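The lines below spell out each chain.
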Amino acid sequence: MASERAGALPIIVAGGGIGGLAAALGLAHNGLDVLVLEKAPEFGEIGAGIQLGPNAFHAFDYLGVGEAARAMAVYIEQLRLMDALTAQEITHLDLGDGFRARFGNPYAVVHRGDLHRVFLNACRDHGRIALRVSSEVVAYDQDGTSVSVVVASFERESGSALIGADGLWSNVRKQVIGDGPPRVSGHTTYRSVIPTERMADDLRWNAATLWAGPKCHLVHYPLSGWKVFNLVITCHNDAPEPVAGRPVAKEEVIKGFAHVHEQARKIIDLGTDWKLWVLCDREPAENWVDGRVALLGDAAHPRLQYMAQGACMAMEDAVCLAYMVAMHPGHIDDGLAAYCSRRVLRTTRVQLLSRQMGEHVYHPAGAHAQLRNAVMRAKTQEEWYDVLQWLYGGTGLGEKNFG
Ligand SMILES: Cc1cc2nc3c(=O)[nH]c(=O)nc-3n(C[C@H](O)[C@H](O)[C@H](O)COP(=O)(O)OP(=O)(O)OC[C@H]3O[C@@H](n4cnc5c(N)ncnc54)[C@H](O)[C@@H]3O)c2cc1C
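Residues numbered from 1 in each chain as written. Predicted model: local features only at pLDDT ≥ 70, side-chain atom pairs only at ≥ 80, totals over all residues. Heavy atoms only, no water.

## Observations concerning the environment of Arg-102
Then step 1. With respect to the element layout, Arg-102 can be found in helix H4 (residues 97-103).
Then step 2. Spatially, the C-alpha atom of Arg-102 lies 9.5 Å from that of Asp-386, the residues being 284 residues apart in sequence.
Then step 3. Ignoring anything within four residues of it in the chain, the contact list for Arg-102 reads Glu-382, Tyr-385, Asp-386 and Gln-389.
Then step 4. Side chain to side chain, Arg-102 and Asp-386 meet in a polar contact 2.7 Å long. (Helix = DSSP H or I, 4+ residues; strand = E, 2+ residues; numbered from the N terminus. Contact = heavy atoms within 4.5 Å. Polar contact = N/O pair within 3.5 Å; in protein donor to acceptor, adjacent residues only side chain to side chain.)

Here it is in structure tokens:
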């Protein structure tokens, strides 16, 4: 256990994505100076949508951006699960008053750029946060009282601690855990955002809709005050190499979906400027802390997107990190260790369940799919809310859930 020096150095955050900026904000609100080092030449997010469970709203409020985040969200009425072979609804989850009363917050969808901007503006307005771009963190050393961070330009920055919020391919993780590259899932995701007037009339639902078919699924929902629709479609085609954001022709996209109902397949025709990702995740790790260095968000617990919880978990991490560091004044290493131990089981559960949802809900065929339909149709709304209580009922601090 090492004590802090007076006149402390800033906490360095590697990565200015949603997780890194949320962490910077939480730490700064607790009176700590923060330096965010972002690899890209400017801060930003890809132009696609993101779903936010009620747990995200608990985090927004803790981080002081609740009002701004609520202002740019679209409040959908349902999560809807369709059978992509028959175009019949399997089940839906009502997100109205009963849901909000149960979990204390709504479910919403937002444009990633809008959400990122909420955090970026709040960081820019905060006197304790410094933001720097074109600054890739490549390595660190530590001596028990501070951390020396090596930036790609061969400069060094000194901090009282380092938070590795540097995403799926985290350099900081290479040193903290050193478990090699992420696992390639073999699942390929294609994304497009289209103006609402281009969306088919019979698909303009106020819902996040998922069409589940053999080895594939399709998702759509409205965004940005209903100006656009987000389209995300995925097929399990055993793609061998990781890919992120490569433009792809519609003729290639459609290949994995020839077997689904025409109403679902139409979504692919509606899309334009499709981009492709080959999804990766990792086995859960037990420890993401090395002395004064800790991982956060995708750097710590990357998962498939099938629970729509990656950004939500990164924001919960930020809340818990800020809280635990504040609870251990003068002993930041203890604060980081407490943060990790509060978060690890909850994020492990999301990592493992995300894989299982792909296998048992989104992509099964034949009798496996019939079983899914029967089991999911049988549940009442209250039973669904009970199933989701562990996830949506928490604040990210770990007091109501694991740890
Ligand atoms: C198709 C898809 C759909 C998804 N849908 C949802 C959803 O509906 N809901 C949800 O909650 N989540 C969703 N997610 C997950 C979510 O997008 C991620 O979990 C979340 O964005 C992770 O945030 P992060 O800040 O940890 O990492 P990132 O967003 O990856 O940010 C990392 C940042 O660090 C920078 N960086 C990288 N390396 C370095 C370095 N060495 N030094 C400095 N900077 C560095 C990067 O440029 C980037 O700005 C989805 C993911 C995918 C792929």
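## Re the pairing of strand S17 (residues 275-281)
Then step 1. Across the seven residues that make up S17, a large majority, six, are buried.
Then step 2. Note that strand S12 (residues 183-195) and S17 share six bridges and pair antiparallel. What sits directly across from Arg-191, in S17, is Lys-275.
Then step 3. Here strand S16 (residues 243-247) runs beside S17; their pairing, made up of four bridges, is antiparallel. Its bridge partner lying in S17, Pro-247 is registered against Lys-275. (Buried < 20%, exposed > 50% of the residue type's maximum accessible area, 1.4 Å probe, protein only. Pairing = 2+ DSSP bridges.)

## What about unusual backbone geometry?
Then step 1. Phi at Ser-134 is positive, roughly 50°, even though this residue is not glycine.
Then step 2. Within the fold, Ser-134 resides in the loop between strand S7 (129-132) and strand S8 (137-142).
Then step 3. A positive phi is found at Ala-308, a non-glycine position, where the angle reads about 50°.
Then step 4. By the element assignment, Ala-308 lies in the loop between strand S19 (293-295) and helix H9 (310-327).

## A closer look at the pattern of salt bridges
Then step 1. Enumeration over the complete set of coordinates arrives at 22 salt bridges.
Then step 2. Note that Asp-83 is salt-bridged to Arg-372, the shortest N-O span being 3.9 Å. With Asp-83 in strand S4 (residues 78-83) and Arg-372 in helix H11 (residues 366-377), the pair connects residues that are 289 residues apart, well separated along the chain. As far as burial versus exposure is concerned, Asp-83 and Arg-372 are alike and both buried.
Then step 3. For Arg-204, the salt bridge goes to Asp-201, with nearest N and O atoms at 3.4 Å.
Then step 4. On the accessibility criterion, Arg-204 (32% relative accessible area) is partly exposed.
Then step 5. When salt bridges with common partners are traced through the structure, they connect Arg-183, Asp-281, Glu-283 and Arg-355 into a single cluster. (Salt bridge = Lys/Arg side-chain N within 4 Å of Asp/Glu carboxyl O.)

## So, the packing of aromatic side chains
Then step 1. Taken as a whole, this structure holds 14 aromatic pairs when the rule is applied.
Then step 2. Ring geometry for Phe-99 and Tyr-392: centres 5.9 Å apart, planes at 70°, overall edge-to-face. Taken together, the residues span a long stretch of sequence, with Phe-99 in helix H4 and Tyr-392 in helix H12 (residues 381-392) at a distance of 293 residues. Residues Phe-99 and Tyr-392 agree in their burial class; the two are buried.
Then step 3. For the ring pair Tyr-107 and Tyr-392, a centre distance of 6.0 Å and an interplane angle of 70° mean the geometry is edge-to-face. Taken as a pair, Tyr-107 in the loop between H4 and strand S6 (108-111) and Tyr-392 in helix H12 lie far apart in primary sequence, 285 residues in all. You'll find Tyr-107 and Tyr-392 in the same group, each marked buried.
Then step 4. Every member of this aromatic cluster is reached through a ring pair, and the members are Phe-99, Phe-103, Tyr-107, Tyr-385 and Tyr-392.
Then step 5. In this structure, Arg-80 is placed above the aromatic ring of Trp-205, and the distance from its NZ or CZ to the ring centre is 4.2 Å.
Then step 6. Between Lys-379 and the ring centre of Trp-384, over which it is positioned, the NZ or CZ distance is 5.6 Å. (Phe/Tyr/Trp six-rings, centres within 6.5 Å; stacked < 30°, edge-to-face > 60°. Lys NZ or Arg CZ within 6 Å of the ring centre and 35° of its normal.)

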